[in-house]
Amino acid sequence: MAEAVLRHKIMERKLSAQISVDSAGTGDWHIGKGPHEGTRSILDQHGISYENMKARLVKSGDFEEFQYIICMDKSNGDNVRKIPGGEKAKLLFFMDLLPEEELREVPDPYFTGNFEQVYDLVDAGCDVLLAGIIKDKL
């Protein structure tokens, strides 16, 4: 969901040539599959494309290819830290973008079913993230 929302915000600001975004997981159970039906539904409601999105695993090359690696929860952060890779990418936790929120991890809507709550967090956090990238404040 976060990849689609951030990609949408980047396209709205006509920054696709300057900023790229991708997402990956640390578990292999959904590799090659598109977004969950609940994610697709909420993105459709907001007019956000998820075209060509397929699940993949984080790989060591991601640390060289991307400037930032953003983790949605502690478990994923711990798993990402175990992946051998370069020192180039900066590791961030998504909810650190929203310090006013009580939640410190993005709830997994696959388990909670609360796609609207996650969309609201992702939408707000992506605004902060994109502003930080544009100003290079992260």
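Below, the structure is looked at part by part. A quick note: this is a predicted structure, and the numbers were derived from the prediction, not measured.

1. Observations regarding the overall build of the protein
- Tallying secondary structure elements over the protein gives 6 helices and 2 strands in all.
- For the protein, the succession of helices and strands along the chain, N to C, is α-α-α-β-α-β-α-α.
- Radius of gyration (C-alpha) of the protein: 14 Å, near the 14 Å computed for a compact globule of 138 residues.
- Projected onto the principal axes, the alpha-carbon positions of the protein cover approximately 40 × 35 × 35 Å.
- The long-range fraction of contacts in the protein, counting pairs at least 24 apart against all pairs at least 6 apart in sequence, stands at 57%.
- Looking at charge distribution, the protein has the averaged site of its 17 positive side-chain charges lying 4 Å from that of its 24 negative ones.

2. Looking at the pattern of salt bridges
- Evaluation of the coordinates by the stated rule reveals 10 salt bridges.
- Here arginine 7 and glutamate 3 are joined by a salt bridge, their closest N and O atoms 2.0 Å apart. Taken as a pair, arginine 7 and glutamate 3 lie in helix H1 (residues 2–12) at a separation of 4 residues, close to a single helical turn.
- With a relative accessible area of 8%, glutamate 3 lands in the buried category.
- Close ionic contact of aspartate 78 with arginine 81 constitutes a salt bridge, the shortest N to O distance being 3.6 Å.

3. Observations regarding the environment of glutamate 3
- Put simply, glutamate 3 and arginine 40 are 37 residues apart on the chain and 12 Å apart in space, counted from C-alpha to C-alpha.
- Ignoring anything within four residues of it in the chain, the contact list for glutamate 3 reads Val21, Asp22, Ser23 and Met53.

4. Comments concerning H1
- Within the span of H1, buried status applies to Glu3, Ala4, Val5, Leu6, Lys9 and Ile10.
- Looking at the packing, one finds that the buried side of H1 touches helix H2 (37–45) and helix H6 (115–135).
- Where H1 terminates, the next one or two residues include lysine 14, which has phi positive at roughly 55 degrees.

5. Details of unusual backbone geometry
- For lysine 14, which is not a glycine, the phi torsion comes out positive at approximately 55 degrees.
- Here lysine 14 shows up in the loop between H1 and H2.
- Notably, asparagine 52 is not glycine yet its phi reads approximately 65 degrees, a positive angle.
- Mapped onto the elements of the fold, asparagine 52 is located in the loop between H2 and helix H3 (62–65).
- Judged by relative accessible area, which is 70%, asparagine 52 ranks as exposed.

6. Topic: the nonpolar core
- Grouped together as the largest cluster of nonpolar side chains are 24 residues, with contacts concentrated most on Met1, Val5, Leu43 and Phe94.
- Broken down by secondary-structure element, the contributors of at least two residues to this core are H1, H2 and H6.
- With 8 residues, H6 is the single largest residue contributor to this core.
- Look past the residues within four positions of leucine 43 in its chain and what remains in contact with it is Met1, Ala4, Val5, Ile48 and Tyr50.

7. Side note on the packing of H1 against H6
- H6 packs onto H1 with a crossing angle of 45 degrees between their chain directions and a minimal axis gap of 9 Å. Regarding the angle of H1 to H6, the classification is oblique. Taken as a pair, H1 and H6 cross one another with a handedness that is right-handed. Note on element contacts: H6 touches H1 through Tyr119, Val122, Asp123, Cys126, Asp127, Leu129 and Leu130, opposite Ala2, Val5, Leu6, Lys9 and Ile10.
- Of the residues belonging to the contact of H1 with H6, the class tally is 9 nonpolar, no polar and 3 charged.

Conventions used here
Residues numbered from 1 in each chain as written. Predicted model: local features only at pLDDT ≥ 70, side-chain atom pairs only at ≥ 80, totals over all residues. Heavy atoms only, no water. Helix = DSSP H or I, 4+ residues; strand = E, 2+ residues; numbered from the N terminus. Rg over C-alpha atoms; globule rule 2.2 N^0.38 Å. Contact = heavy atoms within 4.5 Å. Lys, Arg positive; Asp, Glu negative; His and termini not counted. Charge placed at Lys NZ, Arg CZ, Asp CG, Glu CD. Salt bridge = Lys/Arg side-chain N within 4 Å of Asp/Glu carboxyl O. Buried < 20%, exposed > 50% of the residue type's maximum accessible area, 1.4 Å probe, protein only. Core = buried A, V, L, I, M, F, W, Y, C linked by side-chain atoms within 4.5 Å. Axes fitted to C-alpha atoms, helices over the stretch in contact; angles between N-to-C directions. Parallel < 35°, antiparallel > 145°, perpendicular 65-115°, else oblique. Left-handed = near helix turned anticlockwise from the far one by under 90°. Nonpolar A, V, L, I, M, F, W, Y, C, P; charged D, E, K, R; others polar.

All we've got here are geometric facts, nothing functional implied.
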